[in-house]
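Results of the structural survey
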Amino acid sequence: MRRQRVTHLLWALIGSLGLSLGLSCDAADATGWRARLQAQREGVTPRPAWTTPGTHRVELRHDGLTRHALVHLPPGFRPGQSTSLVLAFHGGGGDAAYMADDDRYGLISLADRENFVIVFPSGYSRFPRGKLATWNAGDCCGDARDRQVDDVGFVRALLQHLGRQIPITPQRTFAMGMSNGAMMSYRLACEMSDAFRAIAAVAGTEAMTPCQPTHPVGILHIHARDDTHVLFDGGAGPDAFRDARKVMDFVSVPTTISRWVTRQHCAPTARRTLEVPGAYCETHEGCEGGAEVKLCVTASGGHAWPGAPGSRLGRKAPPSPALSANAQAWSFFQAQSQVTRSR
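Residues numbered from 1 in each chain as written. Predicted model: local features only at pLDDT ≥ 70, side-chain atom pairs only at ≥ 80, totals over all residues. Heavy atoms only, no water.

1. Brief notes about the overall build of the protein
If you tally the helices and strands in the protein, you get nine helices and ten strands. The long-range share in the protein, meaning contacts at least 24 apart out of those at least 6 apart in sequence, stands at 61%. Per element, the accessible surface of the protein, about 16,500 Å² overall, is 53% carbon and sulfur. (Helix = DSSP H or I, 4+ residues; strand = E, 2+ residues; numbered from the N terminus. Contact = heavy atoms within 4.5 Å. Areas by Shrake-Rupley, 256 points an atom, 1.4 Å probe, with all protein chains shown as cover.)

This is how it looks when you write it as structure tokens:
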């Protein structure tokens, strides 16, 4: 009996101590608990606040799917300090990690050098690890289009999530992308013009019908004349998806530019703003709200990111060295952020 009483006393003491410690921890962690509960209600996987430079992974639930992105904070990042934000969209068959690979695109180095936050969202993939992802850019591409994945809603949810930890303003928020990612950037310009000041599309034309932006958006398009995937003059080239049903009869570069010049009431005649061996740029000015529509064309480079630091494997043409897509995009974004837009 004495042994039982001692045992019960010990258990009561441990329980009391545990309850006391639990209450103490709960009181200290009340703020974190509320944040986790709010995140759960909103379908967001809770993560600690970003306070240090580097690359962070973000996950959230949207439209019944778990989506993710990589968020890179430059060395000069300071919590609570306003910053430019760039969303970089991978091409069809890629993913966030592929676009964030500095040996392929050099975008993290650009963000570190220019001190802006860059985000690499991942498209829809039917594979557990998220490989071979695509974007529903309207009429293209792959499973994302075929399953009518709500990628626009995902981007809006992602921006809302980011905005809880990083001060974001539409005047300094931009989108850029490669191929299918470029098409996704065009869709955002059409359907989320309230959230983006400008986009930069590389090797991918508009895939939207119709397109009715509510705010002026700066448009930069970069394309190689010899692109064998998304043909400069329209159509899917011989090196596009092996299953033609997964792509579309791509809109031509001139038609894409003409659409945006008309939509934004720009000067119909472009001004030559850059001419170097192997490349040129032309800009339509006088658009609504101070927006510009700019086209940069390289003579060679194929379906690639001009000025990319890495070489391409196999028989594919190396990226054009005539100009840097990164430099052109960042310069364009900076210029557009200085102009207060109105409608």
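That shown, we press on.
2. Some thoughts on the packing of aromatic side chains
The geometry of an aromatic ring pair is captured by two quantities: the separation of the ring centres and the angle between the planes. Enumeration over the complete set of coordinates arrives at six aromatic pairs. On the numbers, 4.3 Å between centres and 20 degrees between planes, the contact of Phe-116 with Trp-330 is stacked. Here Phe-116, found in the loop between helix H4 (107-114) and strand S4 (117-121), pairs with Trp-330, found in helix H9 (residues 325-337); they are 214 residues apart in sequence, far enough to count as distant. The exposure class of Trp-330 is buried, given its relative accessible area of 9%. (Phe/Tyr/Trp six-rings, centres within 6.5 Å; stacked < 30°, edge-to-face > 60°. Buried < 20%, exposed > 50% of the residue type's maximum accessible area, 1.4 Å probe, protein only.)

3. Examining the sheet that holds strand S6 (residues 198-202)
Read across the sheet, ten strands follow the order S1-S2-S4-S3-S5-S6-S7-S10-S9-S8 without closing on themselves; strand pairing throughout is mixed. Of all strands in the sheet, those with a lone pairing partner are strand S1 (54-62) and strand S8 (271-276), marking the two edges. For this sheet the average axis-to-axis angle between neighbouring strands, irrespective of direction, equals 15 degrees. Both strand S3 (residues 85-89) and strand S5 (residues 173-178) contribute to a ladder of five bridges, which runs parallel. (Pairing = 2+ DSSP bridges. Axes fitted to C-alpha atoms, helices over the stretch in contact; angles between N-to-C directions.)

4. Description of the pairing of S6
Regular strands have side chains that alternate between both faces of the sheet. Counted residue by residue, S6 has five buried out of five residues, so it is predominantly covered. Residues Ala-198, Ala-200 and Val-202 point to one face of S6 and Ile-199 and Ala-201 to the other, with burial holding for every one of them. In the sheet, S5 pairs with S6 via five bridges, with the strands oriented parallel. Opposite Met-176, over in S6, you have Ala-200 as the bridge partner. For the handedness criterion, the β-α-β arrangement of S5, helix H7 (residues 180-191) and S6 is classed as right-handed. Here five bridges tie S6 to strand S7 (residues 218-224), and the two strands are oriented parallel to one another. Directly across from Ala-201, in S7, lies its bridge partner His-221. (Right-handed = clockwise from strand over helix to strand, strands pointing away.)

5. Let's talk about the state of the cysteines
Taken as a whole, this structure holds four disulfides when the rule is applied. At a sulfur-sulfur separation of 1.6 Å, the disulfide partner of Cys-140 is Cys-141. Disulfide Cys-140-Cys-141: the torsion about the S-S bond is 90 degrees, which places it as right-handed. Here Cys-266 pairs with Cys-287 through a disulfide, and the sulfurs are 2.0 Å apart. Taking the sign of the torsion about the S-S bond as the criterion, the disulfide between Cys-266 and Cys-287, at about 115 degrees, is right-handed. With Cys-266 in the loop between helix H8 (253-263) and S8 and Cys-287 in the loop between strand S9 (279-284) and strand S10 (293-298), this pair connects stretches of sequence that are 21 residues apart. For the pair formed by Cys-266 and Cys-287, the shared burial category is buried. Indicated for the protein is the disulfide connectivity 1-2, 3-4, 5-7, 6-8, based on numbering the bonded cysteines in sequence order. (Disulfide = S-S within 2.5 Å.)

6. Some details on the packing of helix H6 (residues 151-163) against H7
How two helices pack is summed up by the angle between their axes together with the distance between the axes. The contact between H6 and H7 brings their axes to 11 Å, and the two run at 75 degrees. Judged on the interaxial angle alone, H7 and H6 are roughly perpendicular. Facing H6, whose interface residues are Asp-151, Val-152, Val-155 and Arg-156, H7 presents Met-184, Arg-187, Leu-188 and Glu-191. A per-class count over the contact of H6 with H7 returns four nonpolar, no polar and four charged. (Parallel < 35°, antiparallel > 145°, perpendicular 65-115°, else oblique. Nonpolar A, V, L, I, M, F, W, Y, C, P; charged D, E, K, R; others polar.)

7. Looking at the side chain of Ser-185
Topologically, Ser-185 is positioned in helix H7. You can call Ser-185 buried: its relative accessible area is 0%.

8. Focus: the pattern of salt bridges
Summed over all chains, the structure comprises 17 salt bridges. A salt bridge links Arg-187 to Glu-191; its shortest N-O distance comes to 3.3 Å. You can see Arg-187 and its partner Glu-191 sitting in helix H7, four residues apart, about one turn around the helix. Accessibility expressed as a relative area gives 16% for Arg-187, which makes it buried. On the basis of relative accessibility, which here comes to 36%, the residue Glu-191 falls in the partly exposed class. Arg-259 is the partner of Glu-206 in a salt bridge, and the nearest nitrogen-oxygen pair spans 2.8 Å. Here the residue Glu-206 occupies a position in the loop between S6 and S7, and Arg-259 occupies one in helix H8, the gap between them amounting to 53 residues. Residue classification places Arg-259 among the partly exposed residues on the basis of a relative accessible area of 26%. If you follow the salt bridges from partner to partner, you end up with Arg-126, Asp-143, Arg-145, Asp-146 and Lys-246 in one network. (Salt bridge = Lys/Arg side-chain N within 4 Å of Asp/Glu carboxyl O.)

9. Description of the side chain of Gln-336
Within the secondary structure layout, Gln-336 lies in helix H9. The contacts of Gln-336, once residues within four sequence positions are left out, are Gln-171, Arg-197, Ala-198, Gly-218, Gly-290, Ala-291 and Glu-292.

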